[in-house]
Structure formats: structure tokens, C-alpha cells
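# Inside the fold
Residue-level listing of the chains:
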Amino acid sequence: MYKYLGIVAVVLGILWPSLGMTQEPEAQADAAEEQISAEDQAYMDWARNLWESLDRKTGDVTLNQARVTLKVPENFYFLGSADAEKVLVDVWGNPPGQNVLGMLFPMESTPFDGDAWAVTIEYEEDGYVSDKDAASIDYDDLLRDMQRDTREASKARIKQGYESIELVGWAAAPFYDAATNKLHWAKEVKFGDSEENTLNYNIRALGRKGVLVMNFIAGVDQLPVIQNEVNTVLAMASFDEGARYADFDPDVDKVAAYGIGALVAGKVLAKSGILAGLLLFLKKFGVFIVVGLGAFLKKLFSGNQGNR
């Protein structure tokens, strides 16, 4: 699908002189549609069909595997596991088999928008993660270790035929809230030779038996937008009664083999000796072939409202 990236300039070059700033939005959209080739139309039909197939939800969403309830407000929508896989793999170009529990999108956005951002949701049931080390971690030292480990993880990614990955640095330093048992931080990541770096803003909510993993995927230039939304996303997720961090019973519950620092770094898998959590999701920016033609997008994705 990404062969269409170069068509943006061609489409804009053809359409802009004929559209003019004085035409009505609907007239612009109609003129744009007339200029689309059969091949380009096939791509847009595919995009429309995929979009219409997505089950977009708001309100209370139960994640049974994690024993978590999401309270999704009206300005967001939730996609379940199967639909999230479609977006991550078919639209954004990640390797298949991501196995996420779902994704969150702002309501006004589609996965095809050039400025789209989203939150992936996963759950890791490795046991109760102690937060005793939270106040003593040197995050500068940790960053250097993570950059080294990411270089090693990148080698495996390249062997699989995917772009290299580089951890540029912190976009926002890690912060742990002991009152809510939630941790968040942001990494600036470079994929291949992309001119625009990717922002991975990470949230971890600690529970009795594991950790809810929520990662923002966006461009680095969207950091101010994401920072404005972090508290909203933090407030959406809560463990159900009996699965909360405060419900931990040391007599019967398993304790994870890692702490807060390892959550930030990407925990070590004891049996294999490798690091997990470093092969981050890629967001292909500018996928949609007529990005910039707002009127056309509105017509193509009319009725962009979450399902109830």
C-alpha cells in the first residue's frame, strides 16, 4: 500500500489549480474524485471498506483478560483486538501477530489521517510488580542501557525485512504516581531513514497480577497534543475489584521478577536472556494518498462516529 505515498504531490499538483480557493468544499471533493485514477480509486475503496468494517465503541469496555474496565469518553473510540490488528498491520505497516487487546483513537480521527495518533492496549500477567525502587532509579543511566539494547533489537528487526529502529532519547522523562500506581514516560524513536521520528508515549497501570500496557503512537511534533490527553487516557483504565494493586496478597500472589525500572527499560525474559518491549509499533505517516484535501477526506469518511 505504501507505494501510494508519492502520489500525494502529483494529486495536489493536478487538483490545486483547478479547484481554487473560491470553490465550495463539496465542489472541491467532486473535482478531486474525478481526477483519481482507477488504481488510486481501488486504494480508496479498500480504505473505505476497511474503515466501515471497524467496530468503534464508546462507553464502558470490559477487557476480561486483564480484569480491566475502560471508560471511553465520547471524544474517543475503542477498537477491539481484531480491528486493532487490521490498523497496525494493514494500514500502519507493522509485522503481523501483534496480539493487542485493542486501540484507542480520538473521535475526530481515522487511521488513514496523516496526523492520526492512537493508543495500543496490552496486558502482561507476570505477577505483582513491586514499586519499591521507583524513587531511586537513575533514568539517564537507564536511557543509555536502553539505547544499547535497542540497537541489538534492531538487528533482529532488519533480518526480518523491516526497518531499523533507533531510540533517540526521552521525549518526556519517566514519572511514577504512587497514589494511582500508574507510570508514564515518552521515547523518541527513529525508524529507518524516516525524516519524521515517532513518539512512543508509554503508560503502565499496575495491578494485582500484572500490568496494563498503554502506548501512544504519534509523531514527535504531536507531543504537546499527547501531553494534553495523557490524564484523560490515564483516567480511562481501572482494574476491577479484586484485581487492583491494593488487593495484592503476599501469601498467595506471584511477585514479578522485575520492578519499575525494568518496566521502563523493557523487562528481561529470564529463559531467553533477551529484552521484551523494544520492538515498538510503527506509524506510517502520510499513508492516505490525498492527505491535505480536507473536503475530500470529509466526504470519504462521512459519518465518522463511534458505534454504541
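Our structure's up above, just so we're on the same page.
A brief structural summary. (Residues numbered from 1 in each chain as written. Predicted model: local features only at pLDDT ≥ 70, side-chain atom pairs only at ≥ 80, totals over all residues. Heavy atoms only, no water.)

### Notes on the environment of Ser194
- With respect to the helices, strands and loops of the structure, Ser194 is situated in the loop between β7 (182–191) and β8 (198–206).
- With relative accessibility at 27%, the residue Ser194 sits in the partly exposed group.
- At 2.9 Å, the side chain of Ser194 and the backbone oxygen of Glu196 are in polar contact. (Helix = DSSP H or I, 4+ residues; strand = E, 2+ residues; numbered from the N terminus. Buried < 20%, exposed > 50% of the residue type's maximum accessible area, 1.4 Å probe, protein only. Polar contact = N/O pair within 3.5 Å; in protein donor to acceptor, adjacent residues only side chain to side chain.)

### Comments concerning the sheet that holds strand β6 (residues 165–177)
- Ordered by their spatial adjacency, seven strands build an open sheet running β3-β4-β5-β9-β8-β7-β6, and the pairing between neighbours is antiparallel. In this open sheet, the two strands that pair with only one neighbour each are β3 (76–80) and β6. Direction aside, the axes of adjacent strands within the sheet are offset by 20° on average.
- The pairing of β8 with strand β9 (residues 211–219) spans nine bridges and is classified as antiparallel. (Pairing = 2+ DSSP bridges. Axes fitted to C-alpha atoms, helices over the stretch in contact; angles between N-to-C directions.)

### A closer look at the pairing of β3
- Of all five residues in β3, four are buried, a share of seventy percent or more.
- Of the strand pairs in this sheet, β3 and strand β4 (residues 102–106) are connected by five bridges, and their pairing is antiparallel. Directly across from Leu79, in β4, lies its bridge partner Met103.

### Notes on the side chain of Gln222
- Counting through the fold element by element, Gln222 comes out in the loop between β9 and α6 (223–236).
- Note on Gln222: relative accessible area 10%, which makes it buried.
- A polar contact of 2.7 Å, which involves the side chain of Gln222, links it to the backbone oxygen of Asp115.

### Brief notes about the packing of helix α3 (residues 38–53) against helix α4 (residues 81–91)
- The contact between α3 and α4 brings their axes to 10 Å, and the two run at 160°. Relative to α4, α3 is oriented roughly antiparallel. In this structure, α3 crosses over α4, and the sense of that crossing is left-handed. Packed against α3, whose contacting residues are Trp46, Leu50 and Ser53, the element α4 presents Asp83, Lys86, Asp90 and Val91 at the interface.
- Its residues assigned to classes, the contact of α3 with α4 comprises three nonpolar, one polar and three charged. (Parallel < 35°, antiparallel > 145°, perpendicular 65-115°, else oblique. Left-handed = near helix turned anticlockwise from the far one by under 90°. Contact = heavy atoms within 4.5 Å. Nonpolar A, V, L, I, M, F, W, Y, C, P; charged D, E, K, R; others polar.)

### Points about the pattern of salt bridges
- Under the counting rule described, the total for this entry stands at eleven salt bridges.
- Arg48 is the salt-bridge partner of Asp45, the closest N and O atoms lying 3.0 Å from each other. Placement of the pair is Asp45 and Arg48 together in helix α3, with a separation of three residues, close to one helical turn.
- With its nearest N and O atoms 3.3 Å apart, the salt bridge here joins Asp60 to Lys71. In this pair, Asp60 is assigned in strand β1 (residues 59–63) and Lys71 in strand β2 (residues 68–72), connecting sequence segments eleven residues apart.
- The class of Asp60 is exposed, set by a relative accessible area of 55%.
- One continuous salt-bridge network, built from bridges that share partners, spans Asp145, Arg148 and Asp149. (Salt bridge = Lys/Arg side-chain N within 4 Å of Asp/Glu carboxyl O.)

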